[in-house]
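# A look at the structure
These are the residues of each chain, in order.
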Amino acid sequence: MENNYQNEERYFKAQKRVEEIKGFYGNLISYFVVNSGLLVLNLLTSPRHLWFFWPMLGWGIGVVFHGLKVFNCMPFFGKDWEEKKIKELMDKEKTNNETWK
């Protein structure tokens, strides 16, 4: 029974991880498609004033942070940080409860 529960839990964690990765790649593909379209639109309508860099820069910053979060490269937003913080808070709560007994 316990082994089945652990397998199910691992499956749902893996499924969630795959969804996160899929979401990042969807965002990345959209970034390239939309910004390519903006580049073409910019060059066709006002080639002397290159404005397409601004939306590309703004969205690009978002894509970078999304990638850092999904691939656990951000120390304050990664899974390890979350798990450590949860453990820390649980330990603190346990200590507080033991103090008041």
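Above: the structure in question.
These lines cover the structure that appears in this document, whether it is placed above or below.

Cut-offs and rules
Residues numbered from 1 in each chain as written. Predicted model: local features only at pLDDT ≥ 70, side-chain atom pairs only at ≥ 80, totals over all residues. Heavy atoms only, no water. Helix = DSSP H or I, 4+ residues; strand = E, 2+ residues; numbered from the N terminus. Expected span 1.5 Å × (residues − 1). Buried < 20%, exposed > 50% of the residue type's maximum accessible area, 1.4 Å probe, protein only. Arc of directions from axis to C-beta. Salt bridge = Lys/Arg side-chain N within 4 Å of Asp/Glu carboxyl O. Phe/Tyr/Trp six-rings, centres within 6.5 Å; stacked < 30°, edge-to-face > 60°.

### What to know about helix H2 (residues 53–70)
Residues three or four positions apart in an α-helix share a direction because the helix packs 3.6 residues into each turn. Along its 18 residues, H2 runs 25 Å from first to last C-alpha, staying within 8% of the 26 Å computed at 1.5 Å per residue. Those residues of H2 that fall on the buried side of the exposure criterion are Gly60, Val63, Gly67 and Val70. Buried residues along H2 cover an arc of 90° about the axis, so they all sit on one side. Phi turns positive, to about 55°, at Asn72, one or two residues after H2.

### Concerning the pattern of salt bridges
Under the counting rule described, the total for this entry stands at 4 salt bridges. Across the pair Lys85 and Glu88 runs a salt bridge whose closest N-O atoms are separated by 3.3 Å. Of this pair, Lys85 and Glu88 both sit in helix H3 (residues 79–99), 3 residues apart, roughly one helical turn. For Glu88, a relative accessible area of 46% gives the class partly exposed.

### Quick word on the packing of aromatic side chains
Under the defined criterion, the tally for this structure stands at 7 aromatic pairs. On the basis of an interplanar angle of 85° and a centroid distance of 5.5 Å, the ring pair of Phe24 and Phe71 is categorised as edge-to-face. Of this pair, Phe24 sits in helix H1 (residues 2–45) while Phe71 sits in the loop between H2 and H3, and the two are 47 residues apart along the sequence. Judged by its relative accessible area of 32%, Phe71 is partly exposed.

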